[in-house]
Amino acid sequence: MAKNIISKGGCSDPLPPNLGGSSGLAKRIIPCLDVKDGETVKGTNFVNLRSAGDPVELGKAYSEQGADELCFLDITASFEGRKTFTEMVTRVAKEINIPFTVGGGINELADVERLLYAGADKVSVNSAAIRRPELINEITTRFGSQVCVCAIDARLDEDGWHCYLKGGRERTERGLFEWAREAQDRGAGEILFTSMNHDGVKEGYANEALRELADTLSIPIIASGGAGCKEHFRDTFVEGHSDAALAASVFHFGAIPIPELKQYLRGEGINVRI
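Residues numbered from 1 in each chain as written. Predicted model: local features only at pLDDT ≥ 70, side-chain atom pairs only at ≥ 80, totals over all residues. Heavy atoms only, no water.

### Observations regarding the pattern of salt bridges
Okay, so step 1: Scanning the entire structure with this criterion turns up 23 salt bridges.
Okay, so step 2: The partner of Asp-68 in a salt bridge is Arg-273, with the nearest N and O atoms 3.8 Å apart. One end of the pair, Asp-68, is in the loop between α1 (55-65) and β4 (70-74); the other, Arg-273, is in the segment after α10 (258-267), with 205 residues separating them in the sequence.
Okay, so step 3: The class for Asp-68 is buried, based on a relative accessible area of 11%. (Salt bridge = Lys/Arg side-chain N within 4 Å of Asp/Glu carboxyl O. Helix = DSSP H or I, 4+ residues; strand = E, 2+ residues; numbered from the N terminus. Buried < 20%, exposed > 50% of the residue type's maximum accessible area, 1.4 Å probe, protein only.)

This is the structure we're talking about:
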């Protein structure tokens, strides 16, 4: 049987101060906006989507509140959806002054060029990179490692962590850790790891797996899936050794204001930009 996958850390469990470290690179807070047909949506365990508002307005608000970066994911697969998403990227670039990553439906260099030309700072590749790993080499050779984020959707199954495709609908035989290592070796600048077990559940990030990634790879690791309270962000930086924490619904629906979160983390001895 699979081991317990949900963090037992609660939203009021104390940790000794300063375990997050106040030196080194600042930890990043990254709101994520899943975009479908021009609207921001959010679900639980990758299903049951509901609208969360206009992505451009949300992105602008997060930028003004002190988010370090933004991530926009196009979850509409159709050509018309891509056109709508590209137009949105152009609008976002005009409204915000922090770096933002875009992903979804990126299968070739032409897709990367289209989104970077529209104003994105980075692109996130997921399913297409697993199907054809050379895509990572092509992107980083052409545009540099800093442009390429390798997003990995993985689930802890009976036989360990496995990568999934098509928004979590199709299991592969690629293991989380060996694929993350290969992505790094091919030039990816960051790993964005989403635990499907934790996504939308709000019981904490997959810190054990995150720590293994962070301690064995040399590129930054972005935690995704599971944030429900301020303590969960602290825990992923302290226990998961994550370089950045990405979240969606706790920001979209106002549960955790970003300025309040950063003040809390600073008080816990974690280096964040305020």
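### Description of the state of the cysteines
Okay, so step 1: According to the stated counting rule, one finds zero disulfides in the structure shown.
Okay, so step 2: Between Cys-32, a cysteine without a disulfide, and Cys-71, which holds the nearest cysteine sulfur, the sulfur-to-sulfur distance is 4.3 Å.
Okay, so step 3: Free cysteine: Cys-150, not disulfide-bonded; nearest cysteine sulfur from Cys-148 at 6.6 Å.
Okay, so step 4: When its relative accessible area of 0% is taken as the criterion, Cys-150 is described as buried. (Disulfide = S-S within 2.5 Å.)

### As for the pairing of strand β9 (residues 170-175)
Okay, so step 1: The pairing of strand β8 (residues 160-165) with β9 spans three bridges and is antiparallel. In the sheet register, Tyr-164 faces β9, and the bridge partner there is Arg-171.
Okay, so step 2: What sits between β8 and β9 in their antiparallel hairpin is a turn of four residues, with Lys-166 showing a positive phi close to 55°. (Pairing = 2+ DSSP bridges.)

### Side note on the packing of aromatic side chains
Okay, so step 1: Counted by the stated rule, this structure contains five aromatic pairs.
Okay, so step 2: Relative to Phe-100, the ring of Phe-72 has its centre 5.8 Å away and its plane inclined at 85°; by these criteria the two rings are edge-to-face. Residue Phe-72 is found in strand β4, and its partner Phe-100 is found in strand β5 (residues 100-103); the two are separated by 28 residues along the sequence. Take Phe-72 and Phe-100: they sit in the same class, and that class is buried.
Okay, so step 3: Among the aromatic residues, those joined into a cluster by ring pairs are Tyr-62, Tyr-205, Phe-233 and Phe-251.
Okay, so step 4: Here the guanidinium or amino end of Lys-230 rests over the ring plane of Tyr-264, the centre of that ring lying 5.9 Å away. (Phe/Tyr/Trp six-rings, centres within 6.5 Å; stacked < 30°, edge-to-face > 60°. Lys NZ or Arg CZ within 6 Å of the ring centre and 35° of its normal.)

### Side note on the side chain of Asp-74
Okay, so step 1: Note that Asp-74 resides in strand β4.
Okay, so step 2: Although buried, Asp-74 forms no salt bridge, and the nearest oppositely charged side chain, Arg-82, lies 5.6 Å from it.
Okay, so step 3: Sequence-distant contacts of Asp-74, defined by excluding residues within four places in its chain, comprise Val-35, Gly-81, Arg-82, Phe-85, Gly-103 and Gly-104. (Lys, Arg positive; Asp, Glu negative; His and termini not counted. Contact = heavy atoms within 4.5 Å.)

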